[in-house]
Amino acid sequence: MEVIKSEKTAEIVGLSFGDGSLTKRQSGNRKGKLRFQLRGNITEDKEHYNNYIIPLFNEAIGVNIKPVTCNGKDKSYGIATGNQKVCELLRELEIPVGIKGELYIPNWITSNKEFAKCFVRGLMDTDGSVFCGKDYNYPEKGHIKIRMDICSISRNLMEEVSNLLSSFGIKNLIIKQYTPKTQNRKCFSRIQIDGPNVLKYFDLIGSENPKHITKFEVWKRFGSCPPRTTLEQRYSM
């Protein structure tokens, strides 16, 4: 197998920087072997995995990856593989091995505008949020202010993504680093995109995640999107 650096593999790197992990097994008869996992919400993200992420991996990496369901305390749905050839291909794409710390977008992605857009889409589709907040000047109108955001413990990643968004003409704001009050939680940085720039994001970069798309479409249709709605509810609006 040979990995090809393309828009598809750039998006895979973005997906992996979001909800993915490439780690070495620490025990057992496969100790030292690589394992890749990419998982999301079992209800809100399942369609994204079935209709887009899994076909994307199978086409771009040239393997037949099947979905997996984790029924533990925090139920999740996604993909996992211990295929060493696949894991080595992902490492060749510069997906880091081990626990995530400071992350750096590979140069082969940042030096190509279309690759960079695909990376950002993958990252936002897994780790980002689309939501509507209240305009407190008009509280009676409900949740009318469309926004996007993404958080990461990697300050560098947030700065690089912010710079990429700005280079596409999408204005954004990096919220100052936040230190959680809960013990043992790492501090994180957040990027926020507001109003007209959310429209520009969907026009220039777009989304393949129905969780995000349906919130955006409900807001476009009604001028607001209530919080805590499910994917099924938004489809029926």
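Everything here concerns the structure above.
Residues numbered from 1 in each chain as written. Predicted model: local features only at pLDDT ≥ 70, side-chain atom pairs only at ≥ 80, totals over all residues. Heavy atoms only, no water.

Caption draft 1: Region of interest: the state of the cysteines. Applying the stated criterion across every chain, the model contains zero disulfides. For C70, which is in no disulfide, the shortest distance to another cysteine sulfur is to C87 and amounts to 18 Å. Residue classification places C70 among the partly exposed residues on the basis of a relative accessible area of 25%. (Disulfide = S-S within 2.5 Å. Buried < 20%, exposed > 50% of the residue type's maximum accessible area, 1.4 Å probe, protein only.)

Caption draft 2: Local environment of empty space enclosed by the protein. In total, this model carries one cavity of 30 Å³ or more according to the counting rule given. The calculated volume of the largest cavity comes to roughly 40 Å³. S16, F17, G20, S21, L22, I95, P96, G98 and K100 are the residues that line the largest cavity. Sorting the residues of the lining of the largest cavity by element identifies α1 (7-19) and β1 (20-24) as the ones contributing at least two each. For the lining of the largest cavity, the element with the most residues is β1, which contributes three residues. For the lining of the largest cavity, the residue count by class is four nonpolar, four polar and one charged. (1 Å grid on protein atoms, 1.4 Å probe; cavity = no way out; pocket = protein on both sides within 12 Å on 5 of 7 lines; lining within 4 Å. Points joined across faces, edges and corners; volume = space filled by probe spheres on them. Helix = DSSP H or I, 4+ residues; strand = E, 2+ residues; numbered from the N terminus. Nonpolar A, V, L, I, M, F, W, Y, C, P; charged D, E, K, R; others polar.)

Caption draft 3: Looking closely at the packing of α1 against helix α2 (residues 46-61). Close contact between α1 and α2 brings their axes to 10 Å; oriented N to C, the two are set at 125°. As judged from the angle between their axes, α1 and α2 are oblique. In this structure, the crossing between α1 and α2 has a hand that is left-handed. Together, K8, T9, E11, I12 and L15 of α1 and H48, Y52, I53, L56, F57, E59, A60 and I61 of α2 make up the contact between the two elements. Looking at the contact of α1 with α2 residue by residue, the class counts come to eight nonpolar, two polar and three charged. (Axes fitted to C-alpha atoms, helices over the stretch in contact; angles between N-to-C directions. Parallel < 35°, antiparallel > 145°, perpendicular 65-115°, else oblique. Left-handed = near helix turned anticlockwise from the far one by under 90°. Contact = heavy atoms within 4.5 Å.)

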